[in-house]
Each structure stands twice: as structure tokens, then as C-alpha cells.
Amino acid sequence: NSLMVDLGHLYVGGLFTQVNATTTPVTRQFIASFDLSNDSVDAFDAGFSSGNAVQSLAAMGIGIAASGDFNSAHVAVLARGTGAPALGFAAGAGFV
């Protein structure tokens, strides 16, 4: 499991499929982001599926690096705000 604060957002990684900042659960698979200005789950959604437990997180200039038990690689770099693959990240062996 991993926690990281970056630019007003708390990123949480681990082995989960739902998070909630209120009483209503929100589906987020293995990585989620909370907006610290209003304590809500934000739109960040990496779309990870089974087998993608996040073990560590790090902020990079181009996004958020997540590493863990991924099916096809060991590191994913995700865009802040959306969770989509970060533009400008050169994929290679062991990376997505």
C-alpha cells in the first residue's frame, strides 16, 4: 500500500476496488486520488483491472508513477487529473 501527496491531491495505491470520501462508494481499482481542498474522490481513474495492485507511488514532472503487480509491466506513468497514460513517457521493457 502507498500514500502520496502531490499538488493538493492525496494519491492512494493498494489492493482495493472501491473508495469513498462520503457514504457513497466510488469504483477505483488499485489507485485513487482525493482532492484535498474539498475531501472528495476526484476524476483520476487509471482503469486498472485485476492483477494490478499498486505498491508504490512517486510524483514525476510528467505525471504520477505507480509500480506494483501489473499484468504487462512493473511501472505505469499516469497523467495528473485523469489517470490516463502520461504523454511523453517513453515506454520500454517493463514500462507502460
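Note that the structure is predicted; figures quoted are calculated from it, not measured.

## Notes on the side chain of S2
Mapped onto the elements, S2 comes out in strand β1 (residues 2-6). Using a relative accessible area of 12% as the deciding quantity, one classes S2 as buried. Within polar-contact distance, the side chain of S2 engages the backbone nitrogen of L57 at 3.3 Å. In this structure, S2 is in contact with Y11, V12, G13, Q55, S56 and L57, ignoring residues within four places of it in sequence.

## Quick look at unusual backbone geometry
Not every positive phi belongs to a glycine, and L7 is a case in point at roughly 50°. Looking at the element boundaries, L7 is found in the loop between β1 and β2 (9-13). A relative accessible area of 67% places L7 in the exposed class. One non-glycine residue, F30, lies in the positive phi region at around 75°. Note on placement: F30 falls in the loop between β4 (26-27) and β5 (31-35). Take F30: its relative accessible area is 6%, and that puts it in the buried class.

## A short note on the sheet that holds strand β8 (residues 63-69)
Sheet architecture is open: three strands sit in the order β7-β8-β9, paired in antiparallel fashion. Sheet topology places β7 (53-60) and β9 (75-78) at the edges, where each strand pairs with a single neighbour. Each strand axis lies, on average, 25° off the axis of its neighbour in the sheet, ignoring direction. Pairing geometry for β7 and β8, over seven bridges, is antiparallel. Opposite A53, over in β8, you have D69 as the bridge partner.

## Structural notes on the sheet that holds β2
Strands sit in the order β1-β2-β5-β6 across an open sheet of four strands; the sheet is antiparallel. With partners counted over all chains shown, the strands left at the sheet margins are β1 and β6 (40-41), one partner each. Strand direction decides the pairing type here: β5 and β6, joined by two bridges, are antiparallel. Considered in β6, the bridge of F34 is made with V41.

## Let's talk about the nonpolar core
Grouped together as the largest cluster of nonpolar side chains are 14 residues, with contacts concentrated most on I31, F48, V54, L57, A66 and L78. Of all the secondary structure elements, the ones that give two or more residues to this core are β7, β8 and β9. Other than its neighbours up to four places away in sequence, I31 contacts V12, G13, F16, F44, A46, F48, V54, L57, A66 and L78. Counting residues in each nonpolar core, the second largest holds six residues, with V12, A32, F34 and V41 among its members.

## Description of the environment of A76
Here A76 shows up in strand β9. Residues A76 and A46, spaced 30 residues apart in sequence, show a C-alpha to C-alpha distance of 9.4 Å.

Here is what the cut-offs are and how they apply
Residues numbered from 1 in each chain as written. Predicted model: local features only at pLDDT ≥ 70, side-chain atom pairs only at ≥ 80, totals over all residues. Heavy atoms only, no water. Helix = DSSP H or I, 4+ residues; strand = E, 2+ residues; numbered from the N terminus. Buried < 20%, exposed > 50% of the residue type's maximum accessible area, 1.4 Å probe, protein only. Polar contact = N/O pair within 3.5 Å; in protein donor to acceptor, adjacent residues only side chain to side chain. Contact = heavy atoms within 4.5 Å. Pairing = 2+ DSSP bridges. Axes fitted to C-alpha atoms, helices over the stretch in contact; angles between N-to-C directions. Core = buried A, V, L, I, M, F, W, Y, C linked by side-chain atoms within 4.5 Å.

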